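# Topology and contacts: notes
In case you want the letters, here they are:
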2 protein chains.
Amino acid sequence: MHNIQITGARLLDLRFPTSRESIGSDAVNKDPDYSAAYCILDTNQAGLHGYGLTFTLGRGTELCVEALRYLSRFAVGRSLEEITADFNAFSNLLTGDTQFRWLGPEKGVIHLATAALLNAVWDLYARAEGVPLWQLLAGMPVEQLLNAVDFRYISDALPREEAGELLRARAAGMEQRLERLRATGYPAYTTSVGWFGFSDEKIAALCDQALAEGWEYFKLKVGGEPASDLRRARLVRQKIGGRKLMMDANQKWDVCEAIERTRALAEADPWWMEEPTSPDDILGHARIRRETGVRIATGEHCQNRVMFKQLLQAGAIDVCQIDSCRLGGVNENIAVLLLAAKFGVPVCPHAGGVGLCEYVQHLSVFDYLRVSASLDDRVIEYVGHLHEHFTDPVRIRNGHYLLPEKPGYSAEIYPETLATYNYPQGTYWRLNP
Amino acid sequence: MHNIQITGARLLDLRFPTSRESIGSDAVNKDPDYSAAYCILDTNQAGLHGYGLTFTLGRGTELCVEALRYLSRFAVGRSLEEITADFNAFSNLLTGDTQFRWLGPEKGVIHLATAALLNAVWDLYARAEGVPLWQLLAGMPVEQLLNAVDFRYISDALPREEAGELLRARAAGMEQRLERLRATGYPAYTTSVGWFGFSDEKIAALCDQALAEGWEYFKLKVGGEPASDLRRARLVRQKIGGRKLMMDANQKWDVCEAIERTRALAEADPWWMEEPTSPDDILGHARIRRETGVRIATGEHCQNRVMFKQLLQAGAIDVCQIDSCRLGGVNENIAVLLLAAKFGVPVCPHAGGVGLCEYVQHLSVFDYLRVSASLDDRVIEYVGHLHEHFTDPVRIRNGHYLLPEKPGYSAEIYPETLATYNYPQGTYWRLNP
């Protein structure tokens, strides 16, 4: 940490042509090209960099990159120590910029860009300390963790003092929990079997394969024709027996339709129904939950901690699906982990895309070690794409994420990948425009 | 309307250096440079164009312009008739773009850009019909109005059929209401007396001036030191006597603090407290309203109809402050006018900035003629800056907006202004970088 100065920021628009294989397809997102606004922070120390990203679906990534270009000015020229000594103050420089703020506040393009930059700073911090991010967080004194959180607008639900008490109360038993993670890893579920664009035959074959790999939790995309949804749900249920089946409608329905459709799909015993309606509809989710009795999950499109606070206050969700890149970086994810713990709701992070699996494993491990202190009803999403581009990819064994071991936040991408998928100048895009 | 084709879109980043005079300053927005992402749609008809904008505060306007550049592709090459025949289908092309949507959905930068484009198309439509926008809307058959609205995600609160019934029920008496507007205009309030950066002396002098001009409603910015807020509130109250005083905290407070501060300021009898906390906090606004008994207003940062729906469902607001540029253009504003009418909450639009006064007068006139059919507790915000740049500026008489008379949606800006304030190439910015 001694005298590390951030000397520059390199920003890239990275796009992978995933839409050409229906990878990532669902009822709403028909043709995603998994993409990232990617940030490399340079320092005055040879070989020391911070790598961060925000996940996008292709078009529009350039907007996040441009927002990141502006926000990165707040990092360049600052010392790492100055930032981490009062991490929330630094985060507020990004979210509170008096002119930029109008474009949010704390939502959409500018907040996605904020996430990429904060994630890069956290990566740099963990590398400087020579530990994986989860370990850095797990070892932090309570006050330092609280200093990274913006309690503004959530203090009515969770005052800072109460968050501190919660963290202190959960300290006991951390060593045993860490032992358990070292032994078996953190439980995961797979979304790779049931994409919207896959045929029944492909789904059946992928279920067989996933069962052979030891998976216990399976997610199916729904939100198509009612008969088709039910047929696919029965197919997966028949394949996986008594294992857990989650369903994901990706915001396809209005509230009344969601109630009707969720009731119809209850036959296949969903462990949760995910994103049944608009991600902005807190009261709608609460009503769907109340009127169907099915466990409700949402969060990958939940824009910030203020919305998560209300989802929890309203009793709208059974499962809190944080997104490492939509929330304002590690800082705001810590805030939401604390809120969820206060309300007793399990956090099962959204992952997939590009880099999200690499990210959220750190957050869930920290959640288990320091915040929730529980694995009950907790699983991290896993999707098997694009990991080969990362220098420290996730490692899955028997349906579990193994503990990351390398220093940092696991988002460093190989230089060859950057050269290939940089948009539109990269070699892939020049050859396949 | 015959065979009008949109042949191109010209997009500009316009910035006015308002921060240099503390104009527009409040407790959160300390140094706004009133700005706009501005769109000129060209057509195959000589002299026929559509002018639209979204309002911003300076930095970040370029992001809206870039988003607009992408979205404008959906308009160019289409006929006006094709768009207006199913206006919601066109709007859905913009809000539902499968890759762009990830950056929202329907919020932040991409939604601001959507607003600018839709506003430009509505301006073109009204010009093609040779009438002011309010008149175009006021004369539309019910089904055509409904076809402009996206009922997705709001149908649980307001099904399309119910919206149609509401519009039909309010048809009676429109001629008399129009007479009334022609005679006296639409009531307005002034925000120009109480900006945050103004001294007590300046506020006192501006109050005297506004009283002499016939104003009956005055807004004061609060959210500073408690003693300072109260001193300023007493000053304005003393100046204006029994006239209405609104207060605006611009999101400064957490929920508990907002309750305490609003109670303390109740001494000066606020007609409403505006933006007491985060614009995302529906449940927080409901609690502040419940626990203070003061009328609560919000909306200028309310990102879309789904949020307004919940503010109304939760009983969180007494005053619905639509924003003509943050909501997705005229289309989504119609949706929110209908929702507010359903819930019996008066709409008092946010205005000021640049172009917002020009815009919202049309929406409020339409609201009175066709939707709410009432002027009770309804006033449009008015701020006296930057109108000189518009070819059809608002006209205020005796504290009322006079009916716009020229064809269109009143957002055309003089070419000289475009040449001067285009950023960064305009003459002003080259001379005053």
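About the cut-offs
Residues numbered from 1 in each chain as written. Chains lettered and ligands numbered in written order. Predicted model: local features only at pLDDT ≥ 70, side-chain atom pairs only at ≥ 80, totals over all residues. Helix = DSSP H or I, 4+ residues; strand = E, 2+ residues; numbered from the N terminus. Rg over C-alpha atoms; globule rule 2.2 N^0.38 Å. Buried ≥ 20, exposed ≤ 12 C-beta atoms within 10 Å, placed from the backbone. Contact = placed C-beta atoms within 7 Å. Pairing = 2+ DSSP bridges. Axes fitted to C-alpha atoms, helices over the stretch in contact; angles between N-to-C directions. Core = buried A, V, L, I, M, F, W, Y, C linked by C-beta atoms within 7 Å. Right-handed = clockwise from strand over helix to strand, strands pointing away. Domains from an automatic or database assignment. Nonpolar A, V, L, I, M, F, W, Y, C, P; charged D, E, K, R; others polar. Parallel < 35°, antiparallel > 145°, perpendicular 65-115°, else oblique. Left-handed = near helix turned anticlockwise from the far one by under 90°. Least-squares fit on C-alpha atoms with pLDDT ≥ 70 in both. Expected span 1.5 Å × (residues − 1).

### Digging into the overall build of chain A
In terms of regular secondary structure, chain A is built from 17 helices and 12 strands. At 21 Å, chain A has a C-alpha radius of gyration in line with the 22 Å of a compact globule built from 433 residues. By its C-alpha atoms, chain A is 60 × 55 × 45 Å across when sized along the principal axes. Counting every position in chain A, which comprises 433 residues, the buried fraction comes to 60%. For chain A, the proportion of contacts with a sequence separation of at least 24, taken over those separated by at least 6, is 75%.

### Some remarks on the sheet that holds strand S3 (residues 49-56) of chain A
Residues and elements named next belong to chain A. The three strands lie next to each other as S1-S2-S3, forming an open sheet whose pairing is antiparallel. Of all the strands in the sheet, just strand S1 (6-15) and S3 have a single pairing partner and so form its edges. Here the strands of the sheet are splayed against their neighbours by 15 degrees on average, with no regard to which way each runs. In terms of strand pairing, strand S2 (residues 35-43) meets S3 through eight bridges, oriented antiparallel. Considered in S3, the bridge of Ile-40 is made with Tyr-51. Helix H1 (residues 61-71) contacts S1, S2 and S3 of the sheet and is inclined by roughly 175 degrees relative to S1. Where helix H4 (residues 108-129) meets the sheet, its contacts fall on S2 and S3, and the angle it forms with S3 comes to roughly 150 degrees.

### Some words on the nonpolar core
In this structure, Ala-116 of chain A together with Val-109 of chain B are the most contacted members of the largest nonpolar core, which totals 296 residues. Excluding anything up to four places from it in sequence, Val-109 of chain B contacts Leu-63, Leu-103, Gly-108, Val-109 and Ile-110 of chain A together with Leu-63, Cys-64, Ala-67 and Leu-103 of chain B.

### Details of the pairing of strand S5 (residues 217-221) of chain B
Residue and element names in this part refer to chain B. With five of its five residues buried, S5 lies for the most part within the structure. Residues Tyr-217, Lys-219 and Lys-221 of S5 are buried on one face, and the alternating residues Phe-218 and Leu-220, pointing to the opposite face, are buried as well. Where strand S4 (residues 186-194) and S5 come together, two bridges link them in parallel fashion. Bridge pairing in S5 links Gly-194 to Leu-220. Handedness of the β-α-β unit built from S4, helix H9 (residues 200-212) and S5 comes out right-handed. Pairing of S5 with strand S6 (residues 244-248), which is carried by five bridges, proceeds in the parallel orientation. Along S6, the bridge assignment pairs Lys-221 with Asp-248. What joins S5 to S6 is helix H10 (residues 226-240), and the crossover it makes is right-handed.

### Quick look at the domain arrangement of chain A
All names here are of chain A. By domain assignment, chain A separates into domain 1 (6-130 + 417-431) and domain 2 (169-413). For domain 1 and domain 2, the distance between their C-alpha centroids amounts to 23 Å. The partner domain 2 presents 35 residues to the 38 residues of domain 1 that form the contact. The element that contributes the greatest number of residues to the side of domain 1 that touches domain 2 is H4, accounting for 11 residues.

### Quick look at helix H12 (residues 282-292) of chain A
Of all 11 residues making up H12 of chain A, eight are buried, and the element is well covered by its neighbours. Ile-282, Leu-283, Gly-284, His-285, Arg-287, Ile-288, Arg-289 and Thr-292 of chain A are the residues of H12 of chain A that are buried. Tucked inside the fold, the buried residues of H12 of chain A contact helix H11 (255-265), strand S8 (296-298) and helix H13 (305-313) of chain A together with helix H12 (282-292) and helix H13 (305-313) of chain B. Of the residues one or two after H12 of chain A, Gly-293 of chain A is the one with positive phi, at around 75 degrees.

### Let's talk about the interface of chain B and chain A
At the junction of the two partners, chain B supplies 47 residues and chain A supplies 47 residues. Mapped by element, the contributors of at least two residues to the side of chain B that touches chain A are helix H1 (61-71), helix H4 (108-129), helix H11 (255-265), H12 and H13 of chain B. Looking at which element gives the most residues to the side of chain B that touches chain A, the answer is H1 of chain B, with five residues. Within the side of chain B that touches chain A, the residues separate by chemical class into 19 nonpolar, 16 polar and 12 charged.

### Side note on the packing of helix H14 (residues 329-343) of chain B against helix H15 (residues 356-371) of chain B
Residue and element names in this part refer to chain B. The contact between H14 and H15 brings their axes to 11 Å, and the two run at 45 degrees. With respect to each other, H14 and H15 are oriented oblique. Like other packed secondary-structure pairs, H14 and H15 cross with a definite hand, here right-handed. Packed against H14, whose contacting residues are Asn-333, Leu-337, Leu-338 and Ala-341, the element H15 presents Leu-363, Asp-367 and Val-371 at the interface. Among the residues forming the contact of H14 with H15, the class breakdown is five nonpolar, one polar and one charged.

### Observations concerning the environment of Arg-170 of chain A
Residue and element names in this part refer to chain A. Counting through the fold element by element, Arg-170 comes out in the loop between helix H7 (160-169) and helix H8 (174-184). Taking C-alpha positions, Arg-170 is 6.0 Å from Arg-370, a pair spaced 200 residues apart along the chain. When neighbours within four sequence positions are excluded, Arg-170 is seen to be in contact with Arg-370, Val-371 and Ala-373.

### A few points about the relation of the copies chain B and chain A
Between the two copies of this chain, the relationship is a rotation about some axis together with a displacement along it. With an RMSD of 0.0 Å, the operation that places chain B on chain A is a rotation of 180 degrees combined with a shift of 0.0 Å along the axis. The two molecules are tied by a two-fold rotation axis, judged by turn and shift. When each C-alpha of chain B is compared by its distance to the rotation axis, Gly-108 of chain B comes out closest, at 2.5 Å. Most of the interface of chain B is mirrored in chain A: 100% of its interface residues are interface residues there too.

### Overview of the environment of Val-330 of chain B
Residue and element names in this part refer to chain B. Mapped onto the elements of the fold, Val-330 is located in helix H14. As a C-alpha pair, Val-330 and Tyr-359 span 29 residues in sequence and 9.3 Å in three-dimensional space. With residues near it in sequence (within four places) discarded, Val-330 still touches Leu-118, Asn-119 and Trp-122.

### Some points on unusual backbone geometry
Excluding glycine, a negative phi dihedral is what most residues carry, and trans is how most peptide bonds are arranged. In this structure, the amide linkage connecting Gly-104 of chain A to the following residue, Pro-105 of chain A, adopts the cis form with an omega of -5 degrees. Locating Pro-105 of chain A in the fold gives a position in the loop between helix H3 (87-95) and H4. Cis peptide bonds are those with omega within 30 degrees of zero, and the linkage from Tyr-423 of chain B to Pro-424 of chain B qualifies with -5 degrees. You will see that Gln-251 of chain B, though not glycine, has its phi angle at about 70 degrees, which is positive. You can see Gln-251 of chain B is positioned in the loop between S6 and H11. For Gln-251 of chain B, a count of 26 C-beta atoms within 10 Å puts it in the buried group. Residues other than glycine seldom take positive phi values, yet Asp-377 of chain B does so here, at roughly 60 degrees. As for its position among the elements, Asp-377 of chain B is in the loop between H15 and strand S10 (380-382).

### A closer look at the sheet that holds strand S2 (residues 35-43) of chain B
All names here are of chain B. Pairing within the open sheet is antiparallel, and its three strands lie in the order S1-S2-S3. Looking at which strands have only one partner, the edges of the open sheet turn out to be strand S1 (6-15) and strand S3 (49-56). Mean inter-strand twist for the sheet, computed between neighbouring axes without regard to direction, equals 15 degrees. Across the sheet, H1 lies against S1, S2 and S3, angled at about 175 degrees from S1, the strand it touches most. Contacts from H4 reach S2 and S3, with the element oriented near 150 degrees to S3.

### Digging into helix H14 (residues 329-343) of chain A
Owing to its 3.6 residues per turn, the α-helix brings residues three or four apart onto one side. For H14 of chain A, which comprises 15 residues, the first-to-last C-alpha distance of 22 Å matches the rise-based estimate of 21 Å (1.5 Å per residue) to within 8%. Once H14 of chain A finishes, Gly-344 of chain A follows within two positions and takes phi at roughly 70 degrees, a positive value.

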